[in-house]
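Chain by chain, the residues:
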Amino acid sequence: MSVIILIGGKAGQGPNILAHILAEIFASQGYYVFYSRDYQSLIRGGHNFNVLTFSDEPVYSNDKIINVLICLDENTKDLHLKELKKDGKVLEGNYPNMYFAGAAAKIFGLDFGILENKLKKLKDFEKNLEEAKKGYETEKGNVKLEKLKEKKFIFMNGNQGISQGAIKSGLDIYYAYPMTPATSVLNELAGMQEKNNILVLELENEISVINAAIGSSITGAKSMVGTSGGGFDLMTESLSLTGQAEIPLVVYLAQRPGPGTGIATYTAQGDLGIALNPGHGEFPKLVVAPGEPIEAEELTSQAFYFSQKYKIPTIILGDKHLGESFYAMEKEPIITASEKSTSLKKYSGNEIDERGVTSSKAEVVKKNFDRRLNKFREIEKEAEKFCEFKIYGNKKSKNLVVGWGSTKGAILDAIKNVGCKFIQVLYLEPFPKKIKEELKKAEKIILVENNSTGQLGKLITEKTGIFIEDKILKYDGRPFFCDELREEIRGKLR
């Protein structure tokens, strides 16, 4: 049993908090919950909406077709009524958002006390309570929602997972310049400074951010920066410096559509190429891509581990959909411990000899290159100790779907009744050698990516020699919907 609710309205009308309250209520009743956000780059006005799915089975994505439409304004009904099932329910009217919280609770036959307890966490409790009561008393209960066995959920979004992973890895300093969709990590960590004895600094631009982080790393601090594609572009020269001078640094690259400013508040997977090849010259690095919040925690800790142990830049590749969508998950994260590795000495962007003196001697240059290349081989070997990719679905199937990052959720939900296998790639650099064995077993391979050129597919061809002909690519700034993706996969398998 799954129910999909769309909540829409203008920025400032509170569709986000309404979605979150309802999600927490359904999770408290033992239901798995997932919800995503769609919003314009506006503080007031425009059209924002959240799509919330709750289910008695694990759920990681939404369907395009919905069961309940909650309209905080008339525009929401005009835009989304076509997505409502024939027997679906519309809640509308010129009411505050918490009126609809009460109405939704009544529709699903929930005790009002459950909602009242959630409202106590908000400001203006009395006002919100009054509005919620009006909605509860006005609506009729259509469905008696059965309370399921209580579950110990971790309910968070991907950016909270990144933040938790950094804190648990011993983060000392986080630098950032605000850029959607990485900004909420800046806000999240800023609120944790006193409790966790960390420093969070917002500087004037991304060049200042990465250079300040490099300076902090040199003094021995565990440093991290966060940005999106345009900001990452500005950081790449300094990333080359970290590779040359062997300075540990963790970078969170939260993708959104480009090129240029693109559409700032939407999602994409178009930055894999630049994450794999940042800066100039050749130097070892690590690139990982989580597919949900628990993996975001785990891979952030692994990024710190590799960065500190091998004195390299590591890149955590996320996106807006993962960063801002909320998942109710039962698994506890596994954190990889790391020790600080830098010491005060002379660091240089030039090739240097063993005394730290700049040198252009051929034998010195070659020796340094060989040392860096050998470090890459060590990283590649060490990465095999971790989970570099995961396999889901029917593991005996000859039909295989391949994806990475936030596409994981829609793929997992889409293949439930299709009977195929799914490989999720977590480590992109170094690329897992054992994936080739799995690809060779398949008779049909389908690539799923949120970009227009199939960047993971190109990487797979480069690393394995296997060309993936069948691709399902989405590049309109929106994430995959489970029901649409399921039909596209079935179409490729016919």
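Residues numbered from 1 in each chain as written. Predicted model: local features only at pLDDT ≥ 70, side-chain atom pairs only at ≥ 80, totals over all residues. Heavy atoms only, no water.

**Q** When you look at the nonpolar core in this model, what are you seeing that I'm missing?
**A** A general feature of soluble globular proteins is that nonpolar side chains tend to end up buried together. Ranked by size, the top nonpolar core spans 51 residues in total, and within it Ile5, Phe26, Val33, Phe54, Ile70, Phe108 and Leu115 carry the most contacts. Those residues in contact with Phe108 that lie beyond four places of it in its chain are Val3, Ile5, Phe26, Phe54, Val68, Val143, Lys144 and Leu145. Of all hydrophobic cores here, the second largest spans 42 residues; its members include Tyr175, Ala275, Leu317 and Leu456. (Core = buried A, V, L, I, M, F, W, Y, C linked by side-chain atoms within 4.5 Å. Buried < 20%, exposed > 50% of the residue type's maximum accessible area, 1.4 Å probe, protein only. Contact = heavy atoms within 4.5 Å.)

**Q** Any chance you could explain the sheet that holds strand E12 (residues 313-319) here in plain terms?
**A** Pairing between sheet strands relies on hydrogen bonds along the backbone, with the strands arranged either parallel or antiparallel. Overall, mixed pairing links the 7 strands, which are arranged E8-E7-E9-E10-E12-E11-E17 in an open sheet. Across the chains shown, the open sheet's two edge strands, defined by having one partner strand only, are strand E8 (199-202) and strand E17 (427-429). Averaged over all neighbouring strand pairs, the angle between strand axes comes to 20 degrees, with direction disregarded. In this structure, strand E7 (residues 173-176) lies alongside E8, joined through 4 bridges in parallel fashion. Bridged to Tyr174 within E8 is Val200. Contacts from helix H10 (residues 229-245) reach strand E9 (223-227), strand E10 (249-255) and E12, with the element oriented near 160 degrees to E10. (Pairing = 2+ DSSP bridges. Helix = DSSP H or I, 4+ residues; strand = E, 2+ residues; numbered from the N terminus. Axes fitted to C-alpha atoms, helices over the stretch in contact; angles between N-to-C directions.)

**Q** So what exactly am I meant to see when it comes to the packing of helix H6 (residues 158-168) against helix H12 (residues 293-310) here?
**A** Each packed pair of helices is defined by two parameters, the angle between the axes and the distance between the axes. Running from N to C, H6 and H12 point in directions that differ by 35 degrees, and their axes come no closer than 7 Å. Crossing of H6 over H12 shows right-handed handedness. Facing H6, whose interface residues are Gly158, Gly161, Ile162, Gln164, Gly165, Ala166 and Lys168, H12 presents Pro293, Ala296, Glu297, Thr300, Ser301 and Phe304. By residue class, the composition of the contact of H6 with H12 is 5 nonpolar, 6 polar and 2 charged. (Left-handed = near helix turned anticlockwise from the far one by under 90°. Nonpolar A, V, L, I, M, F, W, Y, C, P; charged D, E, K, R; others polar.)

**Q** What exactly am I supposed to notice about the sheet that holds strand E15 (residues 399-404) here?
**A** Spatially, the 5 strands line up as an open sheet ordered E14-E16-E15-E18-E19, and their pairing is mixed. Of all the strands in the sheet, the pair left with one neighbour each is strand E14 (389-393) and strand E19 (470-473). On average, adjacent strands in this sheet sit at an angle of 20 degrees to one another, irrespective of strand direction. Two strands pair when backbone bridges link them, and E15 and strand E16 (residues 421-425) are joined in this way by 5 bridges, in the parallel orientation. Across the sheet, residue Leu400 finds its bridge partner in E16, namely Lys421.

Function cannot be read off these values alone, since they describe shape.
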